[in-house]
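# Analysis of the macromolecular model
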Amino acid sequence: MSLMRNLYMERINESHEKGRISDEILKSFYDRLPLLERAVTAVENASGLPYPMIVFDPTLMLLKYPTTFSETIIYASTGIEKLDGTYQLYVQVSLPFLLYAGEDTLKACLAHEFLHYVFITIILSKKAFSTLSGERLDSPEVHMAYDDTHIVVPEEWLTDAGLVNLIKVNFNPVISDKALEADVKSRWIDAQLPVRQISADESGISIPILEVSKIPLDQSIIRLSKAKSK
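Residues numbered from 1 in each chain as written. Predicted model: local features only at pLDDT ≥ 70, side-chain atom pairs only at ≥ 80, totals over all residues. Heavy atoms only, no water.

We now examine the packing of aromatic side chains. Going through the model one piece at a time under the given rule, you end up with 5 aromatic pairs. Ring centres 5.0 Å apart and planes at 80° place the aromatic pair F29 and F56 in the edge-to-face group. Highlighted residues: F29 in helix 2 (residues 23-47) and F56 in strand 2 (residues 54-57), separated in sequence by 27 residues. Take F29 and F56: they sit in the same class, and that class is buried. Ring centres 6.0 Å apart and planes at 40° place the aromatic pair F114 and Y117 in the tilted group. Placement of the pair is F114 and Y117 together in helix 4 (residues 103-125), with a separation of 3 residues, close to one helical turn. Like F114, the residue Y117 is buried in the burial classification. Over the ring of W157 we find K228; its NZ or CZ atom is 5.0 Å from the centre of that ring. (Phe/Tyr/Trp six-rings, centres within 6.5 Å; stacked < 30°, edge-to-face > 60°. Helix = DSSP H or I, 4+ residues; strand = E, 2+ residues; numbered from the N terminus. Buried < 20%, exposed > 50% of the residue type's maximum accessible area, 1.4 Å probe, protein only. Lys NZ or Arg CZ within 6 Å of the ring centre and 35° of its normal.)

In structure tokens, the structure reads:
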């Protein structure tokens, strides 16, 4: 694992200290970090850009849809939150996803979230905040449509055709991996490990308007976006 990698592990360690996850799970988390590093490095090599901060969530998030009474597992996401006193744009990865995802699925997911990160960076730089609020994610169909449009085109930002193909194979447009779903259910949900249900409102990006201008943005993404639009 790169010593310079920007990883936010505080919530994992805190969850372990409070007895919510075991010593064995904590060890498995650290054992899987080299796999995550390989995936992140692949994205960086394909994009020529640094990967954003990764925040690890010790819970499995379930997004509940009020109109269909169904739910979707959120394995990873891109968001904005106040961390260490400053609002930051980051990629969040759930602990069970890191533990049970195969290498190709993990790589595809990190690449997919990076494309969301690039999209949000560009939107924030243009101050087009309404674009981020979008529609309420009240059904799986709306959620998929939202995800599919709030992202940059993979081929325009990633030079690795194999990585682009991994994204297309693993997303439809959300992760489709039956083996992963089975492992998460049997080894996490059925084991009564931390699970949190969130509403459609909670799943969106919410930023206090006075804090928006303070969010540090990757200027290399903004410069590259302007160059691509010429």
